[in-house]
Amino acid sequence: MRIIFMGTPQFAVASLDALITAGCDIVAVVTAPDKPAGRGQKVNESAVKQYAVANGLKVLQPEKLKSAEFLAELKALRADLQVVVAFRMLPESVWNMPPKGTINLHASLLPQYRGAAPINWALINGEKESGVTTFFLKHEIDTGNILFTEKITLTGNENAGELHDRLMNKGAGILVKTVKAVESGRFNEHPQAALAEGAELKHAPKIFKEDCLIDWTQPAEAVYNKIRGLSPVPTAYTELNGKVLKVYASEFELSEPGVQPGAFLTDNKTFLKFATRDGFVSLKDVQLEGKKRMGVEDFLRGVRL
């Protein structure tokens, strides 16, 4: 079975590697165009492109997915199936091209957490479980018929980076299972509409900078979940003495704070904690604007509050 793989970040590399290891015929990889990044505007290649080049795979990097040139290149590859992992929204002219369709790996238990940031939102909302889902693409984003799902139990302490790695590896395995099932024709499809009926659906929209600002009037556990759900990127933040303070890790305690939400207490040596609606959140790993990321004790040694 001739397969075209579409993906961009590191999350997708594990899946591509797993497919190749399983002996799948990857005839081409489609990934984001190179773009300049950083102060020196050095050309930045996607993680998927770097892997594909290192493994001698054909790489396509279209600016526009509807361009006649790109569509002609895709058609000429005569793919039986397309696989999408952490790419961008595809037009129907692309996802409907292969005879066996296009399958997508999503880092949530669909129909819950459709959208661009399922890993972050699952933690922000304090979920007790997460997982991965494979499904066939159709018109509306993340709504196609489900093929396979696998659940994992969450500890309540992991951050988004740690959950990313767990789901990346779990997803690679389920994707190989899905591709083999599609190739053999032995699989069942489950419409998401039936699963979504009567359920309170939670969404996972793209996260913007304003979404990362900590609201200290929230309960302590909600603030704690937000911090770990945004760590290490895009990172929750607050203001301290007029400067942005990013927060990568914290702990929370429930108590009568005795001060207004957002007020902080510190001994200037070992702890810095902010009051919330129903307790305190102690900062453990921070980065002040213009400074390096560091543990709170190192941070307090270099600043007077």
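Residue positions are given per chain, counted from 1 along the sequence in the order it is written. Confidence filtering applies because this is a predicted model: local features only for residues at pLDDT of at least 70, side-chain atom pairs given and counted only at 80 or more, and all residues used for totals across whole chains, interfaces and linings. By convention in this description, side-chain values take in all heavy atoms of the structure and omit both hydrogens and water.

In the annotation of an unreviewed UniProt entry, the entry for the protein chain reads Methionyl-tRNA formyltransferase, and the organism field reads Mucilaginibacter oryzae. UniProt positions are given in the numbering used here, feature names are shortened, and annotations may be inferred rather than shown by experiment. In its Sequence similarities (unreviewed entry) section, UniProt records this for the protein chain: "Belongs to the Fmt family." A UniProt comment under Function (unreviewed entry) is attached to the protein chain, and it reads "Attaches a formyl group to the free amino group of methionyl-tRNA(fMet). The formyl group appears to play a dual role in the initiator identity of N-formylmethionyl-tRNA by promoting its recognition by IF2 and preventing the misappropriation of this tRNA by the elongation apparatus."

**Re the UniProt feature "domain: Formyl transferase C-terminal" (unreviewed entry) in the protein chain**
According to UniProt, the positions carrying the feature "domain: Formyl transferase C-terminal" (unreviewed entry) are residues 206-303. Each helix is a run of DSSP H or I of at least 4 residues and each strand a run of E of at least 2, with the numbering of both proceeding from the N terminus. Secondary structure content for residues 206-303 is 16% helix and 37% strand, and the end C-alpha separation is 34 Å.

**Some words on helix H3 (residues 68-76)**
For the exposure calls, accessible area comes from a 1.4 Å probe over protein chains only, and a residue counts as buried if that area is under 20% of its type's maximum, exposed if over 50%, partly exposed in between. For H3, the set of buried residues is Phe70, Leu71 and Leu74. Down the axis of H3, the buried set is contained in an arc of 95°. They therefore lie on one face. Residues of H3 that are exposed and point over 90 degrees away from its buried face: Ala68, Glu69, Lys75 and Ala76. Any two residues having at least one pair of non-hydrogen atoms within 4.5 Å are treated as being in contact. Buried residues along H3 sit in contact with strand E1 (2-7), strand E2 (25-30), strand E5 (59-60), strand E6 (81-85) and helix H4 (92-95). Backbone geometry just after H3 places Arg78 at a positive phi near 50°. Working note: the arc is built from the helix axis to C-beta atom directions.

**Notes on the sheet that holds E5**
A pair of strands is treated as paired once DSSP finds two or more bridges between them. Taken together, 7 strands build an open sheet; the order of strands is E5-E2-E1-E6-E7-E8-E9 and the sheet is mixed. Looking at which strands have only one partner, the edges of the open sheet turn out to be E5 and strand E9 (146-153). Relative to E6, E1 runs parallel, the two being bridged by 5 bridges. Paired with Gly7 across the strands is Val85, a residue of E6. Against the sheet, helix H1 (residues 10-21) contacts E1, E2, E6 and strand E7 (102-106), and its axis sits at roughly 165° relative to E1. The axes are straight lines fitted to the C-alpha atoms, using for helices just the contacting stretch, and the angles between their N-to-C directions are given from 0 to 180°.

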